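Inside the fold
Each chain is listed here by its residues.
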Amino acid sequence: MTLTSAAGILALLEDPEPALKGFALQNLNEIVDEFWAEISESVSKLEELHEDEDFPHRELSALVVSKVYYHLGGFELSCDYALGAGSLFDISSSSEYVETIVAQCIDRYTKLHVQLSEHPSDNVEIDSRLEAIVQRMFARCFHDRQYKQAVGIALETRHLDIFERAIRESDNMPEMLDYSFRVCLSMVQSREFRNHILECLVNIYLSLEDPDYVNICQCYIFLDNTQAVAELLLNLVKGSQTDHLVAYQIAFDMYESATQHFLAEVVHVLRSTVLLLRSDATQTVEAGTESGQSTQKDEGPEAMETETKSPEEKEAEPAPSTSPDDPLKHRVERLLTILGGETTISLHQDFLIRNNHADLAILKNTKEHVRNSISHTATVIANAYMHCGTTVDTFLRSNLDWFAKASNWARFTATASLGVIHRGHEKESLNLMSTYLPKDSSAGGVYTEGGGLFALGFIHANHGGAITDYLLNQLKETTTDVVRHGGCLGLGLAALGTARHDVYEQLKSNLYQDDAVTGEAAGLAMGLVMVGSSSAEAIDDMVKYSKETQHEKILRGLAVGIALTMYGRLEEADALIEMLASDKDPLLRRSGMYTIGMAYCGSGNNGALKRLLHIAVSDVDNDVRRAAVASVGFILFRTPEQCPGVVSLLAESYNPHVRCGAAVALGIACAGTGLRDAVAILEPMINDPENFVRQAVFVASAMILMQQTEAMTSKVCGLLGKECTGLLPEGLDDWIDLLLDGLEE
């Protein structure tokens, strides 16, 4: 017989007999999914039964109330009563109700536990019933061998003990370690907690019979532990043939991922350790020699006569080794060469030269349409991009007279473009640029000399070495603002991430000259040198001066420099972001937006995204709104498929600056992916009524379609080729600098 109403069962709740009420609750629990609307009218009676401490079936009553509120959409109340149901709330069930409420419980517990771990003084109390639910969920994961799920929940709830247990008990420990490492870097939002996880991972890695030394070193890089990296590399080069080859591979990976400052510290520790080993070895050899001589004296002349050998026999004997660490020295020297970057740079340059297929006809056709200095500069920049690192300057040498037409800052840019073309050609950099560098008898002009110093920075970018000192000296000696501008930019590129104090102080002294041209470059270069360091001194200097100066150019440079200093620092930047975002100066608020983008770069942090999106639609300054939207691209660049969904509505905004920012965000986040959703958003924006929006669309399109062939993405020719070709005859020369990035594909 089919039940058509719950009224009869609900009537039993009025009976004074507890057994009958329990029977009614049993039946209500079975039919609540079907008759929840009818039962909801008696929910107050059910709540009274749960609150009656003498009622023997109060937990069952709580379970029924929880299910009623679940169907009504009151998940918070449903969660509260599910906790009151105790063991009757069966988390092993696969029903939608259980999964939803368990998720609610975990979210609530996570919020409280994170607050407790970050602010112990807040006296946060966590409900023991909530703790029990989470612990039962962990037990279920281990029982079902769902170790990845256990790792995920453990990271969310910040239970490192469960995290470690899940890895150690898994069936495939190396695979689980790799998964946990990737999840840690991509999902964990707190820098402090991430460091604890990485330390835990290192301990587990080292406990394996065959540790993954590559990932161990990556962990040490994020932990900024140069001493541990150096010791690990030294132990590997002392080991077997396979071990020291692994050390070389780690060195290659480190050069690609670590900062100059980190690499310099590792090299310093390695050199110091090797010198110490050689010193100990020399002392050991000397001690052995002295011991042998004293033994011979004790044994007397008879023993010496017995051991006397002919000159031929002595020659045949191998010479005693005074340097037992010679093989180690050879391996360490090779390791230091790799860490120094010379090998990697040489290989990259060889690859680029061999695989250079740039079409000079594109540049030739574009040059013929040049009508003013803007399009002239655009063509020069396009040539630099197309031949970056290839050392191919054929187009320049074939059109020297045409290049000579550049004047003032256009000449500065044209000279600097040579550095992009010769990127990595470090050994001959001074000879290559000798014509353009400052000299006592130079007649090249200040724009040429400034561009020459900037070009040296491009050639040695992120691998300064000796050229850093050269640029530092040039910056000290020069007196012209344009040359100082180029010197600051070149020095910033060469000393990128070194956090060198002498370089920083020289740049600061140039900033304090309060010259607009020099100060703009100095502010940006200070950020480049201190990138990711979160230096309190640097932040204080730049923020304080940004409030004092009246030059907008200097403010623009400092806005980016401040943001770069906080690169990758996550929640450490929150105080600075709060201060900048609430400033009355729009340029400092813009710096706040850049700081959010840099601090949470690649993290996908929801809080940072919400803040950017809120400011993108609420700030009174258009430049701040554009910067906020563009910074979304930095936060989402590790998950590019999410970016189109986030900015799709902003791309249709009434405000052209917001539309421009949306295009830039897509270009940054989806660079090189050829993502169809991103291209689909940009395609209709090509016909935007505002020129600067259309410029941003073409830049973003080119970035997205980088390294994409027509076979991979049909839009390569459709979106960029035809559109750009059609625009050139129309005389829209101020677009060309942005269009050519796409044409080279």
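The structure presented is a predicted model; accordingly, all values stated were derived computationally and were not measured.

1. Structural notes on the overall build of the protein chain
A tally of regular secondary structure across the protein chain gives 41 helices and zero strands. The buried share of the protein chain, taken over its 745 residues, is 49%. Looking at the protein chain as shown, the accessible area adds up to about 35700 Å², and 51% of this sits on carbon and sulfur atoms.

2. Here's the deal with the packing of aromatic side chains
For the structure shown, the criterion picks out 13 aromatic pairs. Judged by centre distance (5.9 Å) and plane angle (85°), the ring pair of Phe 89 and Tyr 97 falls under edge-to-face. Taking relative accessible area as the criterion, Phe 89 reaches 1% and is therefore assigned buried. With a relative accessible area of 8%, Tyr 97 lands in the buried category. Members of the aromatic cluster, each reached through a chain of ring pairs, are Trp 409, Phe 412, Tyr 447, Phe 454 and Phe 458. Against the face of Tyr 179 rests Lys 148, its NZ or CZ located 4.9 Å from the ring centre. One cation-aromatic arrangement involves Arg 165 over Phe 142; the distance from NZ or CZ to the ring centre is 3.8 Å.

3. Examining the packing of helix 37 (residues 656-669) against helix 39 (residues 691-704)
Taken N-terminus to C-terminus, the directions of helix 37 and helix 39 make an angle of 10°; their axes are 8 Å apart at the nearest point. Taken together, the axes of helix 37 and helix 39 are roughly parallel relative to one another. Of the residues in helix 39, those in contact with Pro 656, His 657, Arg 659, Cys 660, Ala 663, Val 664, Leu 666, Gly 667 and Ile 668 of helix 37 are Phe 692, Val 693, Ala 696, Val 697, Ala 700, Met 703 and Ile 704. Taken together, the residues that form the contact of helix 37 with helix 39 break down as 13 nonpolar, two polar and one charged.

4. Section: the confidence of the model for the protein chain
Overall, the prediction assigns the protein chain a mean pLDDT of 83, with 87% of residues at 70 or greater. Across residues 300-325 the pLDDT falls below 50, and counting only partners more than four positions away or on other chains, this stretch makes twelve contacts in the model. Between residues 728-745, whose pLDDT stays under 50, and residues either more than four places distant or in other chains, the model counts 45 contacts.

5. So, the pattern of salt bridges
Pairs can form between side chains of opposite charge once their charged atoms are near each other. Scanning the entire structure with this criterion turns up 23 salt bridges. The partner of Glu 578 in a salt bridge is Arg 611, with the nearest N and O atoms 2.9 Å apart. Here Glu 578 is found in helix 32 (residues 574-581), whereas its partner Arg 611 is found in helix 34 (residues 606-618), with 33 residues between them in sequence. With a relative accessible area of 42%, Glu 578 lands in the partly exposed category. By sharing partners, the salt bridges in this structure join Glu 76, Asp 80 and Arg 108 into a single network.

6. Focus: the side chain of Arg 331
Relative to the assigned elements, Arg 331 resides in helix 17 (residues 326-340). Buried within the structure, Arg 331 lacks any salt-bridge partner; its nearest side chain of opposite charge belongs to Asp 243, at an N-O separation of 7.9 Å. Separated by 3.0 Å, the side chain of Arg 331 and the backbone oxygen of Gly 239 make a polar contact. Side chain to side chain, Arg 331 and His 244 meet in a polar contact 3.4 Å long. Among residues more than four places away in sequence, those in contact with Arg 331 are Val 237, Lys 238, Gly 239, Ser 240, His 244 and Tyr 248.

7. Things to note about the state of the cysteines
One pass over the full model with this rule turns up zero disulfides. Not engaged in a disulfide, the cysteine Cys 200 finds its nearest cysteine sulfur in Cys 184; these two sulfurs lie 9.8 Å apart. Judged by its relative accessible area of 9%, Cys 200 falls in the buried class. Of all cysteine sulfurs, the one in Cys 219 lies closest to Cys 217, which takes part in no disulfide; the gap is 9.2 Å. Of the residues examined, Cys 217 reaches a relative accessible area of 1% and is grouped as buried.

8. Quick notes on unusual backbone geometry
One non-glycine residue with positive phi stands out, namely Asn 408, at about 55°. With respect to the helices, strands and loops of the structure, Asn 408 is situated in the loop between helix 22 (400-403) and helix 23 (409-421). Even without being a glycine, Asp 514 presents a positive backbone phi close to 60°. Along the polypeptide, Asp 514 turns up in the loop between helix 28 (501-511) and helix 29 (516-529). On the basis of relative accessibility, which here comes to 34%, the residue Asp 514 falls in the partly exposed class.

9. A word on helix 35 (residues 622-635)
With 14 residues, helix 35 extends 21 Å between its outermost C-alpha atoms, agreeing within 8% with the 20 Å of an ideal straight helix rising 1.5 Å per residue. Counting buried residues along helix 35, ten of its 14 residues qualify, which places the element largely inside the surrounding structure. The set of residues buried in helix 35 consists of Val 624, Arg 625, Ala 627, Ala 628, Val 629, Ala 630, Ser 631, Val 632, Gly 633 and Ile 635. Taken together, the buried residues of helix 35 touch helix 33 (586-599), helix 34, helix 36 (643-647) and helix 37. Where helix 35 begins, one side-chain oxygen reaches toward the backbone nitrogen of Asp 623, 3.0 Å away; that side chain belongs to Asp 621.

10. Observations concerning the nonpolar core
One finds Leu 507 and Met 593 to be the most contacted residues of the largest nonpolar core, which totals 107 residues. Leaving out residues up to four positions away in the same chain, Met 593 has contacts with Ala 581, Leu 612, Ile 615, Val 624, Ala 627, Ala 628 and Ser 631. Counting residues in each nonpolar core, the second largest holds 104 residues, with Tyr 147, Val 202, Ile 216 and Val 237 among its members.

11. What about the environment of Ala 85?
Structurally, Ala 85 can be placed in the loop between helix 5 (75-84) and helix 6 (96-118). Separated by 35 residues in sequence, Ala 85 and His 50 have C-alpha atoms that sit 9.1 Å apart. The residues touching Ala 85, leaving out its near neighbours within four places in the chain, are Glu 59, Ala 62 and Leu 63.

12. Structural notes on the packing of helix 4 (residues 58-72) against helix 5
Packing of helix 4 against helix 5 leaves a shortest axis separation of 8 Å and a crossing angle of 165°. When the interaxial angle is binned, helix 4 and helix 5 end up roughly antiparallel. Between helix 4 and helix 5 the crossing geometry is left-handed. Contact with helix 4, carried on its side by Glu 59, Ala 62, Leu 63, Val 65, Ser 66, Tyr 69 and Tyr 70, involves Phe 75, Leu 77, Ser 78, Tyr 81, Ala 82 and Gly 84 of helix 5 and no other residues of that element.

13. Quick word on the environment of Ala 628
Turning to its location among the elements, Ala 628 is positioned in helix 35. Looking at Ala 628, the relative accessible area reads 0%, which means it is buried. With sequence-adjacent residues up to four places away left out, Ala 628 is seen in contact with Met 593, Leu 612, Ile 615 and Ala 616.

14. Things to note about helix 25 (residues 446-459)
Given a rise of 1.5 Å per residue, 14 residues ought to cover 20 Å, and the 20 Å separating the end C-alpha atoms of helix 25 matches this to within 8%. For helix 25, the buried fraction is high: eleven of the 14 residues fall into the buried class. Burial in helix 25 covers these residues: Thr 448, Glu 449, Gly 450, Gly 451, Gly 452, Leu 453, Phe 454, Ala 455, Leu 456, Gly 457 and Ile 459. On the buried face of helix 25, the contacting elements are helix 23, helix 24 (429-432), helix 26 (466-477) and helix 27 (481-494).

Cut-off values and rules
- Within every chain, residues take consecutive numbers counted from 1 along the sequence as written.
- The predicted origin of the model limits local features to residues at a pLDDT of at least 70 and limits the giving and counting of side-chain atom pairs to 80 or more, whereas totals for whole chains, interfaces and linings rest on all residues.
- With hydrogens and water set aside, each side-chain value is computed from the structure's full complement of heavy atoms.
- Helix and strand labels come from DSSP, where a helix needs a run of H or I of at least four residues and a strand needs a run of E of at least two; each type is numbered from the N terminus.
- Relative accessibility thresholds used throughout: buried, under 20% of the residue-type maximum; exposed, over 50%; partly exposed, between the two (1.4 Å probe, protein chains only).
- Where accessible areas are quoted, they stem from the Shrake-Rupley method and a 1.4 Å probe; at the residue level, only the protein chains shown are allowed to cover.
- Centres within 6.5 Å are what make two rings of Phe, Tyr or Trp a pair, Trp counting through its six-membered ring; a difference in plane orientation under 30 degrees is then read as stacked, over 60 as edge-to-face, and the rest as tilted.
- Consider the ring centre and the ring normal. A charge sits over the ring if Lys NZ or Arg CZ is within 6 Å of that centre and within 35 degrees of that normal.
- Helix axes are fitted only over the stretch in contact, all axes being lines through C-alpha atoms; the angle between N-to-C directions runs from 0 to 180 degrees.
- Should an angle fall under 35 degrees it is taken as roughly parallel, and over 145 as roughly antiparallel, whereas 65 to 115 is taken as roughly perpendicular and any remaining angle as oblique.
- Working rule for contacts: check all heavy atoms of both residues, and any pair within 4.5 Å makes them a contact.
- Under the convention adopted here, Pro, Cys and the residues Ala, Val, Leu, Ile, Met, Phe, Trp and Tyr are nonpolar, Asp, Glu, Lys and Arg are charged, and Gly plus all remaining residues are polar.
- The predictor attaches a confidence to each residue, and that confidence, scored 0 to 100, is pLDDT.
- Put simply, a salt bridge is a Lys or Arg side-chain nitrogen that is within 4 Å of an Asp or Glu carboxyl oxygen.
- Positive charges come from Lys and Arg alone, negative charges from Asp and Glu alone, with His and the N- and C-terminal ends not counted.
- Two N or O atoms form a polar contact when they lie within 3.5 Å of each other; inside protein one atom must be a possible hydrogen donor and the other a possible acceptor, and for residues adjacent in sequence the pair counts only when both atoms belong to side chains.
- Disulfide assignment relies on a single distance test, namely cysteine sulfur atoms paired within 2.5 Å.
- Every helix has an expected span of 1.5 Å times one less than the residues it contains.
- Buried Ala, Val, Leu, Ile, Met, Phe, Trp, Tyr and Cys residues form a nonpolar core when they are joined through side-chain atoms within 4.5 Å.
- Whether a crossing is left-handed or right-handed is set by the direction in which the near helix is turned from the far one by less than a right angle, anticlockwise for left-handed and clockwise for right-handed.

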